Amino acid sequence: MSLGFMMEGRIFQFSEGSETDAALSAIFALTESLLGLGIVLLMVAINITVYILIIHRFYMSFFTDEAYLTFTLPVTMDCHLMIKIVSMFFWNVATLVVTILGALIIFGGLTVGYTEQVQEAFSYFSYIKEILQMHWQSASDNLSAQLVVTVLNGLTEYIFQSLLIYFSITLGCMLFKKHRLLGAIVGIFAVNAIYSLVSTIGSYILTFFSLVSEVGYLVTTGL
């Protein structure tokens, strides 16, 4: 897709008056649209695959014959869980890096092919930039505290979601001993539904008592 943008903008430079150029431009636009749709589907597939891989490895390591080998290792259960959390973090970061690199490659081709148009588009963001700078200056007193709380909130949410997945699988396998895989899947959906309900009730309580803030959300998530 990046090469297509560069070729279209720098080599072919289609004109609107020529029928041949109009046809080639339409072909390029159709190809780029199909490639864009394919990239979106690919990114969705990557995220789903990583999610399934994480669940599958946890299930295999603790609830199948492989668990006999896992529990012979001279480490504690806390260590086993921490390894799984670190592994989940690694795969999620790898997915994010791949997504960002893909976007940068496409944007690089668009910038090379249509340099003037991209620069013109960026000029429209000058007004937004001024507003953000004004907000940055007005909020500079509490900015450091907000950044720290936001980072802590993100880490808390990530660790909680990781443990929630592992807890769901464990609970499902304990309740459905003869159908552990089915139990793990049911456990994930059931626990997430309960968590969503509790989170919704908690957000209503925070709103009712006017406690909606990063700190309040961090405390709620921590609890």
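Placed above this text is the structure.
The model shown is predicted, which means the values in this text are computed figures rather than measured ones. Residue indices follow the written sequence of each chain, beginning from 1 at its first position. Since the coordinates come from a predicted model, pLDDT governs what is reported: local features require at least 70, and pairs of side-chain atoms require 80 or more to be given and counted, while whole-chain, interface and lining totals use all residues. Computation of side-chain values: all heavy atoms of the structure, hydrogens and water removed.

J.: Break down the pattern of salt bridges for me, with residues and values.
T.: Definition used for salt bridges: Asp or Glu carboxyl oxygen within 4 Å of a side-chain nitrogen of Lys or Arg. Counted by the stated rule, this structure contains one salt bridge. Measuring nitrogen to oxygen at the nearest pair gives 2.6 Å for the salt bridge that ties Arg57 to Glu66. The classification of residues rests on relative accessible area computed with a 1.4 Å probe and restricted to protein chains. Under 20% of the type maximum is buried, over 50% is exposed, and intermediate values are partly exposed. For Glu66, a relative accessible area of 28% corresponds to the partly exposed category.

J.: If you had to explain the packing of helix α4 (residues 77-113) against helix α5 (residues 115-123) to someone new, which residues and values would you point to?
T.: As a rule, the C-alpha atoms of each element are fitted with a line to give its axis, helices using only the stretch in contact, and angles between N-to-C directions run from 0 to 180 degrees. The helix count covers DSSP runs of H or I at least four residues long, the strand count covers runs of E at least two residues long, and both are numbered beginning at the N terminus. As a packed pair, α4 and α5 sit with axes 5 Å apart at the nearest point and diverge in direction by 110 degrees. Relative to α5, the element α4 is oriented roughly perpendicular. On α5, the residues that touch Phe107, Leu110, Thr111, Val112 and Gly113 of α4 are Thr115, Val118 and Phe122. Put simply, Ala, Val, Leu, Ile, Met, Phe, Trp, Tyr, Cys and Pro go in the nonpolar bin, Asp, Glu, Lys and Arg in the charged bin, and everything else, Gly too, in the polar bin. Of the residues belonging to the contact of α4 with α5, the class tally is five nonpolar, three polar and no charged. Small angles under 35 degrees read as roughly parallel and large ones over 145 as roughly antiparallel, with 65 to 115 read as roughly perpendicular and the rest as oblique. Throughout, a contact is declared for two residues whenever any of their heavy atoms are within 4.5 Å.

J.: Kindly report on the environment of Phe63, identifying the contributing residues and their values.
T.: Locating Phe63 in the fold gives a position in helix α2 (residues 19-63). Judged by relative accessible area, which is 14%, Phe63 ranks as buried. Spatially, the C-alpha atom of Phe63 lies 9.5 Å from that of Met174, the residues being 111 residues apart in sequence. Not counting residues within four places of it along the chain, the set of residues in contact with Phe63 comprises Phe58, Ile169, Thr170, Cys173 and Arg180.

J.: Quick rundown of the packing of aromatic side chains? Include the residues and the values.
T.: The pairing test for Phe, Tyr and Trp rings, Trp by its six-membered ring, is centres within 6.5 Å, and the orientation test on the planes gives stacked under 30 degrees, edge-to-face over 60, and tilted for anything in between. Per the counting criterion, the structure on display carries six aromatic pairs. Taking the centre distance of 5.6 Å and the plane angle of 75 degrees together, the rings of Phe90 and Trp91 count as edge-to-face. The class for Phe90 is exposed, based on a relative accessible area of 51%. Joined through ring pairs, the aromatic side chains of Phe58, Tyr59, Phe62, Phe63, Phe71 and Tyr166 make up one cluster.

Structural measurements only, silent on function.
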